[in-house]
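Coordinate analysis (summary)
This is what each chain is made of:
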Amino acid sequence: MKKLIFTALCLSTISSISAQQALWGGEKVKSPEINPDNTVTFRLFAPKANEVTVTGDFLPPVSVETPFGTQEVAGVANLIKGENGVWEYTTPAPLAPELYMYSFAVDSLRMMDPANVFMNRDVATVTNIFLIDEPGSRAHNYKVNDVPHGTVSRVWYDSPGLNKKRRMTVYTPAGYEDSNESYPVFYLLHGAGGDEEAWIALGRTAQILDNLIAEGKAEPMIVVMTNGNPSQEAAPGETSEGFVLPSMDVSRMNAGEFETSFPDVVNYIDKHYRTKPDKAHRAIAGLSMGGFHSLHTSKLYPDMFDYVGLFSAAIFPFAGRDQAPVYQDFEGKLKTQFEKNPKLYYIAIGDKDFLYNDNVKFREILDANNYPYIYYESPDGHIWKNWRIYLTEFAPRLFK
């Protein structure tokens, strides 16, 4: 028996050593390394590679033609191979405070940085992330600071309008669990290909709200991040369908069903959370497709939301998808909405966004009818960098 135990221990030790070699084997590198001057060095151990490149939103963008028109995408930089088999690239200039996304390509094969365990999924693409922080900067709101923290929950609810159980992500502010206070509610919607995980992961919603509330810049609020794809129960991999590959082309996302069924979400939240259940204490905003949903939901239910935000919003229905009653009588519904005097109508978009011209046309409609709104224009295109900016600009305006 002792011999068997000794043998088992030896095998366990060998297995452990083997596992550690697999985990820590190869050249140890630090990547990305944020240097004292805020330049950033990327490294990859790839001794047999012929070419290594890095792409990310910290590089100057390049324009490409897509089915949606000309769009800007992240640029590419070459890493230089050292004698030790480590490839390296340092940004030529310091990077401004921001949350950045990047990935490598080794001989044209895209891969993550094995030295960086921090990643995000955007639709079906996974990228590494890093943060350049500077106290007082906008990016300081994107990190976990020493402030009271809210709670993030994944909540399943019944949607009679869509005839299924569905999931959403709910942020409750610090102190919610220990108080009897009621709170206003902000409904925050994702873009095409996204889901109820997008804003909490890519948008840094919890960090932004924690910090803005702690600084007294935003009112304590509940934030509800829905899944805007009526055909889905929840994010891919989190449903009874199993590990389905995420896609930009999700069926029925712009067929009017999401907008018409939105009271299911509001009713659940008002029933299960301590809310202030009236128009004056509800806001809705979204990016891209979520901006489209926010636009049409808010005018379909003009007594539901006093605060509306359109972030890089798709404005007009896509070709072949304009037959739903939700999208008909566009200007008539808009007139009814503004006759009810929403407290805030907010439009934000990047000057290089492929939806920029549609937003110009929409603003012309608003201007022609003297409908009041606030407009915020930023540099860059249809990217998360802008949507985080818009969230930090929009949230402090709510429920004042």
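Structure's up top.
Treat the numbers as computed from the prediction; the structure is a model and nothing was measured. (Residues numbered from 1 in each chain as written. Predicted model: local features only at pLDDT ≥ 70, side-chain atom pairs only at ≥ 80, totals over all residues. Heavy atoms only, no water.)

For the protein, the count of helices and strands is nine helices and 20 strands. The 400 residues of the protein split such that 50% are buried. Partitioning the intrachain contacts of the protein with sequence separation of at least 6 by distance along the chain shows that 72% fall at a separation of at least 24. Counting every atom, the protein has about 18800 Å² of accessible surface; 54% of that belongs to carbon and sulfur. (Helix = DSSP H or I, 4+ residues; strand = E, 2+ residues; numbered from the N terminus. Buried < 20%, exposed > 50% of the residue type's maximum accessible area, 1.4 Å probe, protein only. Contact = heavy atoms within 4.5 Å. Areas by Shrake-Rupley, 256 points an atom, 1.4 Å probe, with all protein chains shown as cover.)

The mixed open sheet is built from eight strands, whose spatial order is β13-β14-β16-β15-β17-β18-β19-β20. Two strands lie at the open edges of the sheet, namely β13 (151–159) and β20 (374–378), each paired on one side alone. Put simply, the sheet's adjacent strands are angled 20° from each other on average, direction ignored. As paired elements, strand β15 (residues 185–189) and strand β17 (residues 282–287) share five bridges and run parallel to each other. Residue phenylalanine 186 lies in a different strand from β17, and its bridge partner there is alanine 283. Contacts from helix α6 (residues 289–300) reach β15, β17, β18 (307–311) and β19 (344–350), with the element oriented near 145° to β17. (Pairing = 2+ DSSP bridges. Axes fitted to C-alpha atoms, helices over the stretch in contact; angles between N-to-C directions.)

Any two packed helices are characterised by the angle at which their axes cross and by the distance between the axes. For the pair helix α3 (residues 205–214) and helix α9 (residues 384–394), interaxial distance at closest approach is 10 Å and the crossing angle is 30°. In terms of orientation, α3 lies roughly parallel with respect to α9. The chirality of how α3 crosses α9 is right-handed. The residues of α9 that touch α3, namely those facing Thr205, Ile208 and Leu212, are Arg388, Leu391 and Thr392. Considered class by class, the residues forming the contact of α3 with α9 number three nonpolar, two polar and one charged. (Parallel < 35°, antiparallel > 145°, perpendicular 65-115°, else oblique. Left-handed = near helix turned anticlockwise from the far one by under 90°. Nonpolar A, V, L, I, M, F, W, Y, C, P; charged D, E, K, R; others polar.)

All right, on to empty space enclosed by the protein then. Across all of its chains, the model carries one cavity of 30 Å³ or more by this definition. Volume-wise, the largest cavity comes out at about 40 Å³. Lining the largest cavity, in full, are Tyr157, Ser159, Leu162, Arg166, Phe258, Ser261, Phe262, Asp264 and Val265. Of all elements in the fold, only β13 and α5 (262–272) reach the threshold of two or more residues within the lining of the largest cavity. Among the elements that line the lining of the largest cavity, the one with the most residues is α5, at three residues. Of the residues in the lining of the largest cavity, the class split is five nonpolar, two polar and two charged. (1 Å grid on protein atoms, 1.4 Å probe; cavity = no way out; pocket = protein on both sides within 12 Å on 5 of 7 lines; lining within 4 Å. Points joined across faces, edges and corners; volume = space filled by probe spheres on them.)

In this section: the environment of aspartate 351. Considering the arrangement of structural elements, one finds aspartate 351 in the loop between β19 and α8 (356–368). Put simply, aspartate 351 and aspartate 380 are 29 residues apart on the chain and 6.1 Å apart in space, counted from C-alpha to C-alpha. Sequence-distant contacts of aspartate 351, that is, excluding residues within four places in its chain, are made with Tyr356, Glu377, Ser378, Pro379 and Asp380. At a separation of 3.3 Å, a polar atom in the side chain of aspartate 351 contacts the main-chain amide nitrogen of aspartate 380. (Polar contact = N/O pair within 3.5 Å; in protein donor to acceptor, adjacent residues only side chain to side chain.)

Phe330, Lys333, Leu334, Gln337 and Phe338 are the residues of helix α7 (residues 330–339) that are buried. Taken down its axis, α7 places every buried residue within 130° of arc, on the same side. (Arc of directions from axis to C-beta.)

The phi torsion of most residues other than glycine is negative, and most of the peptide bonds are trans. A cis amide bond links serine 31 with the next residue in sequence, proline 32, at an omega value of -10°. Relative to the helices and strands, proline 32 is located in the loop between α1 (2–24) and β1 (33–34). Phi at asparagine 341 is positive, roughly 55°, even though this residue is not glycine. Secondary-structure assignment places asparagine 341 in the loop between α7 and β19. Residue classification places asparagine 341 among the exposed residues on the basis of a relative accessible area of 57%.

In this structure, aspartate 210 sits in helix α3. Among all residues touching aspartate 210, those that are not within four sequence positions of it are Val147, Pro148, His149, Gly150 and Tyr171.

For an α-helix the count is 3.6 residues per turn, leaving residues at separations of three or four pointing the same way. Of all 10 residues making up α3, nine are buried, and the element is well covered by its neighbours. Every buried residue belonging to α3 is among Thr205, Ala206, Gln207, Ile208, Leu209, Asp210, Asn211, Leu212 and Ile213, and all of these are buried. Where α3 is buried, its residues contact β13, β14 (164–172), β15, α2 (198–201), β16 (222–225) and α9.

What follows covers the side chain of histidine 140. Of note, histidine 140 is situated in the loop between β12 (125–132) and β13. Residue contacts for histidine 140: discarding those within four places in its chain leaves Asp133, Glu134, Pro135, Asn145 and Asn211.

A word on the sheet that holds strand β8 (residues 86–90). Overall, antiparallel pairing links the four strands, which are arranged β1-β2-β8-β7 in an open sheet. Sheet topology places β1 and β7 (80–81) at the edges, where each strand pairs with a single neighbour. Bridge count between β1 and strand β2 (residues 40–45): two bridges; the pairing is antiparallel. Looking at the pairing, isoleucine 34 lines up with valine 40 of β2.

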